[in-house]
Amino acid sequence: MTITGSRTSHGQVVDEIGTAIISGEFPVGSVLPGDLELAQRFHVSRTVLREAMKTLAAKGLVVPKARIGTRVTDRQFWNMFDGDVLTWHFECGVSEDFLLSLYEIRLAFEPAAAALAAEKATPEAIDILRQLAEDLGNPDHTTESLAIADLRFHMALANASGNPFMRTLGSLIKAALVGAFKLSSTPADRMRVSDVKASHMAIVEAIESRDTAAARTAMEKVILVGRDRAQASFAAQRG
């Protein structure tokens, strides 16, 4: 594989090695090939390779060991809130337990973000949320475009919460929604689009009314519907 461009090469090396670690090509506890071998494999300089290793170490996937090399860390050290790490998991294929764990985290944070938005969201932020909820009802949506519109709404809500820590959870929300979209085989039919719009509009109405309890409940319902749909997809795959 030949990689060109310093910025592009760094990102692609991180992506290739990260995916190889998540997939088990480089198992937990193993030592990665040496710098020379990896530099030749990716056709990049050692400088680019070392920067890529620093990025992977920051994500918790590897740790340098003096006189040993770069070792793949145990899974407990992997930063599961990192967008790349989550994306690599979905690219390699996730279990039902993994996805349900992700929904559990969403249930812990997103209803709280909705409640905060009911307290803190500016009129401008509420207008944006309403527009995004309206867009979810577009009858021309494909399954993919509906997933993108859904992502925009949830990211905007995290911003509307006014809490910087909620905003940093955007990568987790993005990975969860994109991953659920990849698993879904349900077409974006008119009835589903209408239901999605209505459920998200209920969140907006609660936020606009400054009803924190209603905002929290409305968000919980949206996440639970997504969780149930994901479980149904796994059930269908099992036959």
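Keep in mind it's a predicted model, so treat the numbers as computed, not measured.

The rules we used
- Residues numbered from 1 in each chain as written.
- Predicted model: local features only at pLDDT ≥ 70, side-chain atom pairs only at ≥ 80, totals over all residues.
- Heavy atoms only, no water.
- Salt bridge = Lys/Arg side-chain N within 4 Å of Asp/Glu carboxyl O.
- Helix = DSSP H or I, 4+ residues; strand = E, 2+ residues; numbered from the N terminus.
- Buried < 20%, exposed > 50% of the residue type's maximum accessible area, 1.4 Å probe, protein only.
- Phe/Tyr/Trp six-rings, centres within 6.5 Å; stacked < 30°, edge-to-face > 60°.
- Pairing = 2+ DSSP bridges.
- Core = buried A, V, L, I, M, F, W, Y, C linked by side-chain atoms within 4.5 Å.
- Contact = heavy atoms within 4.5 Å.
- Axes fitted to C-alpha atoms, helices over the stretch in contact; angles between N-to-C directions.
- Parallel < 35°, antiparallel > 145°, perpendicular 65-115°, else oblique.
- Left-handed = near helix turned anticlockwise from the far one by under 90°.
- Polar contact = N/O pair within 3.5 Å; in protein donor to acceptor, adjacent residues only side chain to side chain.

Glancing now at the pattern of salt bridges. Pairing between side chains of opposite charge can happen when their charged atoms approach one another. Considering all chains together, one arrives at 10 salt bridges under this definition. When the shortest N-O distance is used, the salt bridge between Lys197 and Glu134 registers 3.1 Å. In this pair, Lys197 sits in helix α10 (residues 190-208) while Glu134 sits in helix α6 (residues 123-135), placing the two residues 63 residues apart along the sequence. What makes Lys197 partly exposed here is its relative accessible area of 27%. Two residues, Arg227 and Asp228, come together in a salt bridge whose shortest N-O distance is 3.6 Å. Arg227 gets classed as partly exposed once you look at its relative accessible area, which sits at 28%. Through salt bridges with shared partners, a single network forms among Lys59, Asp82 and Asp84.

What follows covers the packing of aromatic side chains. Applying the stated criterion across every chain, the model contains one aromatic pair. Ring geometry for Phe90 versus Phe98: centroids 6.1 Å apart, planes at 85°, classification edge-to-face. As far as the burial class goes, Phe90 and Phe98 line up, both buried.

Right, let's talk about the pairing of strand β1 (residues 62-65) for a bit. By the bridge criterion, four bridges tie β1 to strand β2 (residues 69-72) in an arrangement that is antiparallel. Its bridge partner being in β2, Pro64 is matched across the sheet by Thr70. Remark: three residues form the turn of the hairpin made by β1 and β2, two consecutive strands paired antiparallel; Arg67 in that turn has positive phi of roughly 65°.

Residues Leu129, Phe153, Leu157, Ile203 and Ile207 are the most contacted members of the largest nonpolar core, which totals 45 residues. For this core, the secondary-structure elements that each account for two or more residues are α4 (83-92), α5 (96-120), α6, α7 (143-160), α9 (170-183), α10 and α11 (212-238). Once you skip the residues sitting within four places of it in the chain, Phe153 turns out to touch Leu129, Leu132, Ala133, Leu136, His200, Ile203 and Val204. Of all hydrophobic cores here, the second largest spans 23 residues; its members include Ala20, Phe42, Val48 and Val62.

Let us now look at the environment of Thr217. Counting through the fold element by element, Thr217 comes out in helix α11. Put simply, Thr217 and Ala202 are 15 residues apart on the chain and 9.6 Å apart in space, counted from C-alpha to C-alpha.

Quick look at the packing of α5 against α7 now. Here α5 crosses α7 at 60°, and the two axes come no closer than 8 Å. On the basis of their axis angle, the class for α5 and α7 is oblique. Handedness of the α5/α7 crossing: left-handed. Every residue of α7 that contacts α5 at Arg106, Glu110, Ala113, Ala114, Ala117 and Lys120 is listed here: His154, Leu157 and Ala160.

Attention now moves to the side chain of His200. Mapped onto the elements of the fold, His200 is located in helix α10. For His200, a relative accessible area of 3% corresponds to the buried category. There is a polar contact of 3.3 Å between the side chain of His200 and the side chain of Ser199. Apart from residues lying up to four places away in sequence, His200 is in contact with Ala133, Leu136, Asp150, Phe153, His154 and Val222.

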